[in-house]
Amino acid sequence: MITLVYDNPPTFIEIGKVKKRKIYLGYNAIYAGIHYSVRQKIVQELKEFIWCPEFAKIGLIEKPVKIKFIYRRNLKNWDLDNKCSLWAKCFLDLAKGQMFIDDNVKYVKELTFCYEEGDDRLTIEIAEV
């Protein structure tokens, strides 16, 4: 199993050059129909956060995998699917061609989202099927 751990994942990004506005990160921000440039900024910042030396060292996994996203927060009133689906999408898009041959169901057989109470952390566990 491969485990990637990210402490203090961002929960919002700031946009605007003069008047800073916070966009809270989650799939709802994308689903709400935000401007494409804001969507690009969100995705770019999440991918930059995900990229780390451990990610680069993994190499290409040719067998099918299952991936578990474990999102830890001290808050108790938020939607797991809203946060994890955005992280999963950005992770899979970044990993396609670098870690996995493709991100389709031939190579990614299962995605699981889990919540744990604790200090803010995103853990991604990758296991061959």
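Thresholds applied
Residues numbered from 1 in each chain as written. Predicted model: local features only at pLDDT ≥ 70, side-chain atom pairs only at ≥ 80, totals over all residues. Heavy atoms only, no water. Pairing = 2+ DSSP bridges. Helix = DSSP H or I, 4+ residues; strand = E, 2+ residues; numbered from the N terminus. Axes fitted to C-alpha atoms, helices over the stretch in contact; angles between N-to-C directions. Contact = heavy atoms within 4.5 Å. Buried < 20%, exposed > 50% of the residue type's maximum accessible area, 1.4 Å probe, protein only. Expected span 1.5 Å × (residues − 1). Arc of directions from axis to C-beta. Salt bridge = Lys/Arg side-chain N within 4 Å of Asp/Glu carboxyl O. Core = buried A, V, L, I, M, F, W, Y, C linked by side-chain atoms within 4.5 Å. Disulfide = S-S within 2.5 Å.

**Points about the sheet that holds strand 1 (residues 2–7)**
And step 1. Taken in spatial order, the 4 strands make up an open sheet running 1-6-4-5, and their pairing is mixed. Every other strand in the sheet has two partners, leaving strand 1 and strand 5 (108–117) as the edge strands with one partner each. Within this sheet the neighbouring strands show an average axis-to-axis angle of 15°, counted without direction.
And step 2. By the bridge criterion, 6 bridges tie strand 1 to strand 6 (residues 121–128) in an arrangement that is antiparallel. Its bridge partner lying in strand 6, Thr3 is registered against Glu125.
And step 3. Contacts from helix 4 (residues 80–95) reach strand 1, strand 4 (65–73), strand 5 and strand 6 within the one sheet, and its direction differs from that of strand 4 by about 130°.

**Some thoughts on the side chain of Arg73**
And step 1. Tracing the backbone shows Arg73 in strand 4.
And step 2. Classification of Arg73 by relative accessible area gives buried; the value is 10%.
And step 3. Once you skip the residues sitting within four places of it in the chain, Arg73 turns out to touch Thr11, Trp78, Lys83, Tyr115, Glu116, Glu117, Gly118 and Asp120.

**So, helix 2 (residues 36–50)**
And step 1. Along its 15 residues, helix 2 runs 21 Å from first to last C-alpha, staying within 8% of the 21 Å computed at 1.5 Å per residue.
And step 2. Burial in helix 2 covers these residues: Val38, Ile42, Leu46 and Ile50. Each buried residue of helix 2 lies within a common arc of 110° when the element is viewed along its axis, so the set occupies one face. Turned more than 90 degrees from where helix 2 packs its buried face, Tyr36, Gln40 and Glu48 sit exposed.
And step 3. Check the buried side of helix 2 and you find it contacts strand 1, strand 2 (12–15), strand 3 (21–24), helix 1 (27–31), helix 3 (53–58) and helix 4.

**Section: the pattern of salt bridges**
And step 1. Under the definition given, this model contains 6 salt bridges.
And step 2. Asp7 is paired through a salt bridge with Arg121; the nearest N and O atoms lie 2.6 Å apart. Separated by 114 residues along the polypeptide, Asp7 in strand 1 and Arg121 in strand 6 bring together distant segments of the chain.
And step 3. Looking at Asp7, the relative accessible area reads 43%, which means it is partly exposed.

**Looking at the environment of Ile2**
And step 1. Along the chain, Ile2 falls in strand 1.
And step 2. We classify Ile2 as partly exposed; its relative accessible area is 26%.
And step 3. Spatially, the C-alpha atoms of Ile2 and Phe113 are 16 Å apart, while their sequence positions differ by 111 residues.

**Description of the nonpolar core**
And step 1. In this structure, Ile42, Phe55, Ile67, Phe91 and Phe100 are the most contacted members of the largest nonpolar core, which totals 36 residues.
And step 2. Mapped onto this core, the elements with two or more residues apiece are strand 1, strand 2, helix 1, helix 2, strand 4, helix 4 and strand 6.
And step 3. With 9 residues, helix 4 is the single largest residue contributor to this core.
And step 4. Those residues in contact with Phe91 that lie beyond four places of it in its chain are Leu4, Ile50, Phe55, Ile67, Phe69, Met99, Phe100, Ile124 and Ile126.

**Observations regarding the state of the cysteines**
And step 1. Applying the stated rule across the entire model yields 0 disulfides.
And step 2. With no disulfide partner, Cys84 has as its closest neighbouring cysteine sulfur the one in Cys114, 8.1 Å distant.
And step 3. Judged by relative accessible area, Cys84 falls into the buried class, the value being 0%.
And step 4. Unpaired in terms of disulfides, Cys90 finds its nearest cysteine sulfur in Cys84, a separation of 12 Å.
And step 5. Judged by its relative accessible area of 2%, Cys90 is buried.

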